[in-house]
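# Report on the structure
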Amino acid sequence: MKQFRQLASCSELPEIDFRSYSLIIGQKTVPNSFYTIMKQEIVEYSGLNLNIVLSLGENHYPSFSTLYY
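Counting its secondary structure elements, the protein contains one helix and four strands. When the helices and strands of the protein are listed from N to C terminus, the series reads α-β-β-β-β. Viewed in the frame of its principal axes, the protein has a C-alpha envelope of about 40 × 35 × 15 Å. In the protein, which comprises 69 residues, the proportion classed as buried is 9%. Within the protein, contacts between residues at least 6 apart in sequence are counted, and of these 46% link residues at least 24 apart. Surface exposure of the protein reaches about 6,200 Å², of which carbon and sulfur atoms provide 50%. If you average the places of the 5 positive and of the 6 negative side-chain charges in the protein, the two averages end up 8 Å apart.

In structure tokens:
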């Protein structure tokens with residue numbers, strides 16, 4: 001929890017028992033605005049992999065933006 005607090009940029013964080021749970025966070029630069037995360041899943045294939053399925057909204061426009069997950 002101490003390391004999580006040092007890395008996080010927000011002031012209020014949930015209390016997580018890292019002995020029992022894992023937390024996956026990240027960001028990705030995407031080439032358009034208004035992506036929505038439709039599905040997230042962790043699959044085992046040569047280790048653990050995070051699969052994220054995105055949907056691009058109708059009113060999108062070309063613009064680099066950051067997707068946080």
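A separate point is the environment of Asn 32. For Asn 32, the position within the fold is in strand 1 (residues 27–32). Asn 32 gets classed as buried once you look at its relative accessible area, which sits at 14%.

Residue position: Ser 33 is located in the loop between strand 1 and strand 2 (35–44). Once you skip the residues sitting within four places of it in the chain, Ser 33 turns out to touch Leu 56, His 60, Tyr 61, Ser 63 and Ser 65.

Right, let's talk about the pairing of strand 2 for a bit. Look at any regular strand and the pattern is simple: side chains alternate between the two faces of the sheet. Where strand 2 lies against strand 3 (residues 48–56), nine bridges are found, and the strand directions are antiparallel. Pairing of Glu 41 across the sheet is with Asn 51, part of strand 3. In sequence, strand 2 turns back onto strand 3 through a hairpin of three residues, with Ser 46 there showing a positive phi of about 55°.

Even without being glycine, Phe 34 reaches a positive phi, approximately 65°. Inspection of the secondary structure assignment puts Phe 34 in the loop between strand 1 and strand 2. One non-glycine residue, Ser 46, lies in the positive phi region at around 55°. Within the secondary structure layout, Ser 46 lies in the loop between strand 2 and strand 3. Exposure remark for Ser 46: the relative accessible area of 79% places this residue in the exposed category.

Per-residue confidence for the protein gives a mean pLDDT of 88; residues scoring 70 or more make up 100%. Per-element averaging of pLDDT across the protein places helix 1 (residues 2–7) at the bottom with 86 and strand 3 at the top with 92.

What counts, and at which threshold
Residues numbered from 1 in each chain as written. Predicted model: local features only at pLDDT ≥ 70, side-chain atom pairs only at ≥ 80, totals over all residues. Heavy atoms only, no water. Helix = DSSP H or I, 4+ residues; strand = E, 2+ residues; numbered from the N terminus. Buried < 20%, exposed > 50% of the residue type's maximum accessible area, 1.4 Å probe, protein only. Contact = heavy atoms within 4.5 Å. Areas by Shrake-Rupley, 256 points an atom, 1.4 Å probe, with all protein chains shown as cover. Lys, Arg positive; Asp, Glu negative; His and termini not counted. Charge placed at Lys NZ, Arg CZ, Asp CG, Glu CD. Pairing = 2+ DSSP bridges. pLDDT = per-residue confidence, 0-100.

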